[in-house]
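# Breakdown of the fold
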Amino acid sequence: MCWHVLGAGSLGSLWATRLARAGLPVRLILRDDARLAAYNTQAGLALDEKGQRQTFAILAQTVSADEPIQRLLVACKAYDAERAVAAIAPRLSDKADVLLLQNGLGSQDAVAAMIPHARCIFVSSTEGAYRDAHWSVVFAGQGFNWLGDTRRGAAPAWLSELERAGIPHQWTPDILERLWRKLALNCAINPLTVLHQCPNGELQAHAQEVTALCVELGHVLQRCGQPGAAEGLLDQVQQVIAATAANYSSMYQDVAQGRRTEIRYLLGHVCAAAAALDCPTPKLNQLRLRLIEHLSARGLPSD
Ligand code: NAD
Ligand code: KPL
């Protein structure tokens, strides 16, 4: 069974190269003919892991290829996922598995609603990767992948292929709790690093602000029926800040490089969920408005 990987960015390339390295059949789905032509001038997709670079001659295609897709890994940003899946939907087989790698929440439900015949599997990833050149990815941070579906189905048999590819993972019946927890961590850390223009560790000097956000995030998580994701949130946020003190958050890096952020699926999702539940979140709302102002001032989309 072939792995179709939609989006040859950082995480898509990291997954595609590891699957190919294990001898599994992989196809990259690129955005358009121009990108496909550019890719086809290369020897393939390169993975740099622990300083060792290896190139894999993975076949690529665009959405308009006609082979049916049984297993699709959607590896684009949250704000691109719905449109990307809408374009590929006619190629999905009945009962296809669609893995959604997007950070935050909101995009997964929007995609799942569009393709009710497919099995959507949500993935929460703490692995880190970045592109150092076109068609080349650096595996920058060891992490883990939690997979699950919200219908609480059984673990798919193809998880053994992830094992074979050395992709660290576990199937969980509580994928939403994992995604909410990561979203809360990202909301407590990432926007503040953008607004204070600092690495994660400098948030130790803004402890009151971080604490107040964690209190509100905890309330929202409880009201959303995710008490497990609220448990010990402040402690974990402080641990992450200390453990990643020298790092710049992903949102900081996006803004610094003039890239669109996933604000809508992070802070935007929390604030919208809180409003729908009449759960007061003045600090989170204010943080969102400050962030929107900051992004707008730099000409970046605020949704
Ligand atoms: P990225 O921007 O590096 O890659 C996304 C790729 O998708 C780009 O190459 C883009 O051209 C492509 N794409 C967009 N629309 C497409 C379409 N319609 N058809 C084909 N390709 C399309 O993004 P990323 O860093 O790999 O992040 C992907 C998701 O994973 C995000 O939600 C991110 O938050 C999450 N994530 C990333 C990391 C990381 O270390 N990079 C870690 C954890 C989670
Ligand atoms: O996931 C992160 C990010 O930068 O996006 C951490 C390191 C947890 C900070 O929120």
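In this text, all values refer to a predicted model and were calculated from it rather than measured experimentally. (Residues numbered from 1 in each chain as written. Chains lettered and ligands numbered in written order. Predicted model: local features only at pLDDT ≥ 70, side-chain atom pairs only at ≥ 80, totals over all residues. Heavy atoms only, no water.)

## Overview of the domain arrangement of the chain
Just so we agree on the cut-off: Just so you know, the domain bounds were taken from an automatic or database domain assignment. By definition in these notes, contact holds between two residues if any of their heavy atoms fall within 4.5 Å. Two parts placed together each lose some accessible area; with a 1.4 Å probe, that loss summed over both constitutes the buried area. Take a side-chain nitrogen of Lys or Arg and a carboxyl oxygen of Asp or Glu: if they are within 4 Å of each other, that pair is a salt bridge. We define a polar contact as two N or O atoms separated by no more than 3.5 Å, with the added condition that, inside protein, one atom must be a possible hydrogen donor and the other a possible acceptor, whereas residues neighbouring each other in sequence contribute only through side-chain atom pairs. Think of it this way: any DSSP run of H or I at least four residues long counts as a helix, any run of E at least two long counts as a strand, and we number them from the N terminus. The classification used treats Ala, Val, Leu, Ile, Met, Phe, Trp, Tyr, Cys and Pro as nonpolar, Asp, Glu, Lys and Arg as charged, and all other residues, Gly among them, as polar.
When the domains of the chain are assigned, the result is domain 1 (3-173) and domain 2 (177-297). On a C-alpha basis, the centroid separation for the pair domain 1 and domain 2 is 26 Å. Contacts between the two partners involve 17 residues from domain 1, matched on the other side by 13 residues from domain 2. Between domain 1 and domain 2, a total of about 1500 Å² is buried, with carbon and sulfur atoms accounting for 60% of that surface. Together, Tyr-79, Asn-103 and Leu-105 form the three largest contributors to the area buried by domain 1 at its contact with domain 2, with a combined 50%. Remark: the boundary between domain 1 and domain 2 carries zero salt bridges. Where domain 1 packs against domain 2, one counts six residue pairs in polar contact (both at pLDDT 80 or more). For the side of domain 1 that touches domain 2, the leading source of residues is strand β8 (residues 119-125), giving four residues. Partitioned by chemical class, the residues of the side of domain 1 that touches domain 2 number six nonpolar, 10 polar and one charged.

## What to know about the UniProt feature "domain: Ketopantoate reductase C-terminal" (unreviewed entry) in the chain
Stated precisely, the cut-off is as follows: UniProt positions are given in the numbering used here, feature names are shortened, and annotations may be inferred rather than shown by experiment.
The feature "domain: Ketopantoate reductase C-terminal" (unreviewed entry), as annotated in UniProt, sits at residues 174-287 in this numbering. The distance separating the terminal C-alpha atoms of residues 174-287 is 28 Å; by composition the span is 67% helix and 0% strand.

## Notes on the state of the cysteines
What counts here: The criterion for a disulfide is a pair of cysteine sulfur atoms lying within 2.5 Å.
Overall, the coordinates contain zero disulfides when judged by the stated rule. Unpaired in this structure, Cys-214 has its nearest cysteine sulfur neighbour in Cys-187, at a distance of 10 Å. The structure places no disulfide on Cys-224, whose sulfur is separated from the nearest cysteine sulfur, that of Cys-279, by 7.6 Å.

## Focus: helix α6 (residues 175-195)
To keep it simple, the criterion reads: By definition here, a helix of n residues has an expected span of 1.5 Å times n minus one. The angle separating two fitted axes, one through the seven residues that finish at a residue and one through the seven that start at it, defines the bend at that residue.
An ideal rise of 1.5 Å per residue puts 30 Å on 21 residues; α6 measures up with 30 Å between its terminal C-alpha atoms. Remark: the principal bend of α6, roughly 30°, maps to Cys-187, with a proline, Pro-191, within the next four residues. Of the residues one or two after α6, Gln-197 is the one with positive phi, at around 50°.

## Here's the deal with the site of ligand 2
The condition that has to hold: Proximity criterion: a residue is near a molecule or strand once any of its heavy atoms comes within 4 Å of it. Using the Shrake-Rupley algorithm and a 1.4 Å probe, accessible areas are obtained, with residue cover drawn only from the displayed protein chains.
Surveying the vicinity of ligand 2 reveals the residues Leu-185, Asn-186, Ile-189, Asn-190, Val-240, Ser-249 and Ser-250. Measuring from an oxygen atom of ligand 2, one finds a side-chain N or O atom of Asn-186 at 3.0 Å. Side-chain polar atom of Ser-250 to an oxygen atom of ligand 2: 2.5 Å apart, as the coordinates give it. In isolation ligand 2 offers 280 Å² of accessible surface; the protein chains occlude 78% of this area.

## Some points on the nonpolar core
Put simply, the rule reads: Nonpolar cores were defined as sets of buried Ala, Val, Leu, Ile, Met, Phe, Trp, Tyr and Cys residues, with membership established by side-chain atoms within 4.5 Å. Relative accessibility decides the category of a residue: with a 1.4 Å probe and only protein chains considered, values under 20% of the type maximum give buried, values over 50% give exposed, and everything between is partly exposed.
One finds Leu-72, Val-98, Ile-115 and Val-237 to be the most contacted residues of the largest nonpolar core, which totals 64 residues. Among the elements that make up this core, the one with the highest residue count is α6 (12 residues). Residues lining this core come from more than one domain, with at least three contributed by each of domain 1 (3-173) and domain 2 (177-297). Of all hydrophobic cores here, the second largest spans 35 residues; its members include Ile-58, Leu-73, Leu-101 and Trp-171.

## Observations regarding the sheet that holds strand β1 (residues 3-6)
Rules: Being paired, for any two strands, means DSSP has found at least two bridges between them. Fitted lines through C-alpha atoms serve as axes, helices being fitted only where they are in contact, and the angles separating the N-to-C directions of these axes extend from 0 to 180 degrees.
Strand order across the open sheet formed by eight strands is β5-β2-β1-β6-β7-β8-β11-β12, with mixed pairing between neighbours. Single-partner strands in this sheet number two, and they are β5 (59-62) and β12 (169-171). The mean angle between the axes of side-by-side strands here comes to 25°, regardless of whether they run parallel or antiparallel. One ladder, built from three bridges, connects β1 with strand β6 (residues 69-74); its direction is parallel. Its bridge partner lying in β6, Val-5 is registered against Leu-73. Strand contacts of helix α1 (residues 10-21): β1, β2 (26-30), β6, β7 (92-100), β8 and β11 (145-148), with the helix running at about 160° to β2, the strand carrying the most contacts. Of the strands in this sheet, β2 and β5 are in contact with helix α2 (residues 33-40), which crosses β5 at around 165°.

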